[in-house]
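# Fold and geometry: a report
Spelled out from the first residue to the last, the chains are:
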Amino acid sequence: MSEIIPLFRVFDETKAKEFYIQYLGFTLDWEHRFDDSAPLYMQISRDSLKIHLTEHYGDCSPGAAIRVDLVGIEHFHEQLIQKNYPYSRPGIEIAPWNSKELCVIDPFGNKIIFYEES
């Protein structure tokens, strides 16, 4: 086994792209629909992290969470704050297990916890 790709349930293509691509800096790798009225399924990536975003009912439950190991969390935090995104102003916290953590929650209730070991 070599790779894990998490799936997040999304409900609005425009809001998903605004959050993941414009705000978090992911790249849209590809999109798929079975036809023009079908739900969207897409892959986004940033560095070596890939995430699948799906509008398909039954693919996964909204409100999932993943942890992402990130070197340079303070620089990433500064990038996010400079974007002045109106729906998210995350901070860096020191966890009891002594890692720096930055949590963002997408418009659909999915959570990404970026962390850097101290």
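Cut-offs and rules
- Residues numbered from 1 in each chain as written.
- Predicted model: local features only at pLDDT ≥ 70, side-chain atom pairs only at ≥ 80, totals over all residues.
- Heavy atoms only, no water.
- UniProt positions renumbered as here; feature names shortened; annotations may be inferred.
- Helix = DSSP H or I, 4+ residues; strand = E, 2+ residues; numbered from the N terminus.
- Rg over C-alpha atoms; globule rule 2.2 N^0.38 Å.
- Buried < 20%, exposed > 50% of the residue type's maximum accessible area, 1.4 Å probe, protein only.
- Contact = heavy atoms within 4.5 Å.
- Areas by Shrake-Rupley, 256 points an atom, 1.4 Å probe, with all protein chains shown as cover.
- Lys, Arg positive; Asp, Glu negative; His and termini not counted.
- Charge placed at Lys NZ, Arg CZ, Asp CG, Glu CD.
- Phe/Tyr/Trp six-rings, centres within 6.5 Å; stacked < 30°, edge-to-face > 60°.
- Lys NZ or Arg CZ within 6 Å of the ring centre and 35° of its normal.

Under the annotation held in an unreviewed UniProt entry, the protein chain carries the name Bleomycin resistance protein and is attributed to Paenibacillus vortex V453. Its UniProt record, at the heading Sequence similarities (unreviewed entry), says of the protein chain: "Belongs to the bleomycin resistance protein family."

### Looking at the overall build of the protein chain
Counting its regular elements, the protein chain contains two helices and eight strands. Reading the protein chain from its N terminus to its C terminus gives the helix and strand order β-α-β-β-β-β-α-β-β-β. Taken over the C-alpha trace, the protein chain has a radius of gyration of 15 Å; the compact-globule value for 118 residues is 13 Å, and the two agree within 12%. Taken along the three principal axes of its C-alpha coordinates, the protein chain extends 45 × 35 × 25 Å. Residues counted as buried form 41% of the 118 residues belonging to the protein chain. Within the protein chain, contacts between residues separated by at least 24 positions form 52% of all contacts whose residues are at least 6 apart in sequence. Summed over all atoms, the accessible surface of the protein chain reaches about 7,100 Å², with 51% contributed by carbon and sulfur. Positive and negative charge centroids in the protein chain, built from 11 and 19 side chains respectively, lie 3 Å apart.

### Thoughts on the packing of aromatic side chains
What the rule picks out here adds up to nine aromatic pairs. With a centroid separation of 6.1 Å and 75 degrees between ring planes, the pair formed by Tyr20 and Phe26 is classed as edge-to-face. Each member of the pair, Tyr20 as well as Phe26, carries the same accessibility label: buried. Every member of this aromatic cluster is reached through a ring pair, and the members are Phe19, Tyr20, Tyr23, Phe26, Tyr85 and Tyr87. The lysine or arginine in question, Arg67, covers the ring of Tyr115, its NZ or CZ lying 4.4 Å from the ring centre.

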